[in-house]
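# Structure at a glance
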Amino acid sequence: VEFNGVPVHTLGDEQFVRMLTVIRPLQITLARGGAEAADGPTLYQIIVGPDRGHLGFTPNKHPPGRVLVADVNPRAWIWAQGCRIGDEITELNGKPVHTMSDAEFKQLLQRTRPLTIGFAREKMLSATQGHQSEEADSQNSVGTVGDSAGPGGHGG
């Protein structure tokens, strides 16, 4: 299940409630029956220039191991570049994050500029993708809630 492309399992309780009650429009993607990710994750990079300080996102943990974006400020520069909750931080300046020490990870994110951040976003199958059988269509659905900003003013 995803809300606006963010896997629900990566959301904290407050983020989950905020998505349901404040964020509009809200696209909900459901994958039932063990649907697999379509064609693997989407890979992208964001280049942080020398004039950028605070990035505006929080990782769920530090390496070693897999690191995900736990929170991102929707008013931050990095949000406008496409970073979303649930995206995996795969590399910093070409070095795989899962091989880094905690200290190296912090140093790169907080002090190194310019910085190229590699991300991966998991894709979910949806009924709107390509030609699918009727069985596949019955297993997946996408819906959109609202079409204007909610109380928090975070519309499309």
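Everything numeric here is computed off the predicted structure, so don't read it as measured data. (Residues numbered from 1 in each chain as written. Predicted model: local features only at pLDDT ≥ 70, side-chain atom pairs only at ≥ 80, totals over all residues. Heavy atoms only, no water.)

This part is about unusual backbone geometry. Most peptide bonds adopt trans geometry, and most residues besides glycine take a negative phi value. Between Pro 63 and the following residue, Pro 64, the backbone shows a cis peptide bond with an omega angle of 10°. Inspection of the secondary structure assignment puts Pro 64 in the loop between β5 (57-59) and β6 (69-72). Each neighbour pair has its own omega, and for Arg 113 with Pro 114 the value is -5°, a cis peptide bond. The residue Pro 114 is located in the loop between α3 (102-111) and β9 (115-121) in this model. Although it is not a glycine, Asn 93 adopts a positive phi angle of roughly 50°. Residue position: Asn 93 is located in the loop between β7 (88-92) and β8 (95-96). (Helix = DSSP H or I, 4+ residues; strand = E, 2+ residues; numbered from the N terminus.)

This brings us to the nonpolar core. When a protein is soluble and globular, its nonpolar side chains tend to lie buried together. Membership of the largest hydrophobic core comes to 29 residues, with the highest contact counts inside it found for Phe 57, Ile 78, Cys 83, Ile 89, Leu 92, Ile 117 and Phe 119. Residue assignment for this core shows that the elements contributing at least two residues are β4 (42-48), β6, β7, α3 and β9. Discounting residues that sit within four places of it in the chain, Ile 89 has contacts with Phe 57, Pro 59, Val 67, Val 69, Val 97, Phe 105, Ile 117, Gly 118 and Phe 119. (Core = buried A, V, L, I, M, F, W, Y, C linked by side-chain atoms within 4.5 Å. Buried < 20%, exposed > 50% of the residue type's maximum accessible area, 1.4 Å probe, protein only. Contact = heavy atoms within 4.5 Å.)

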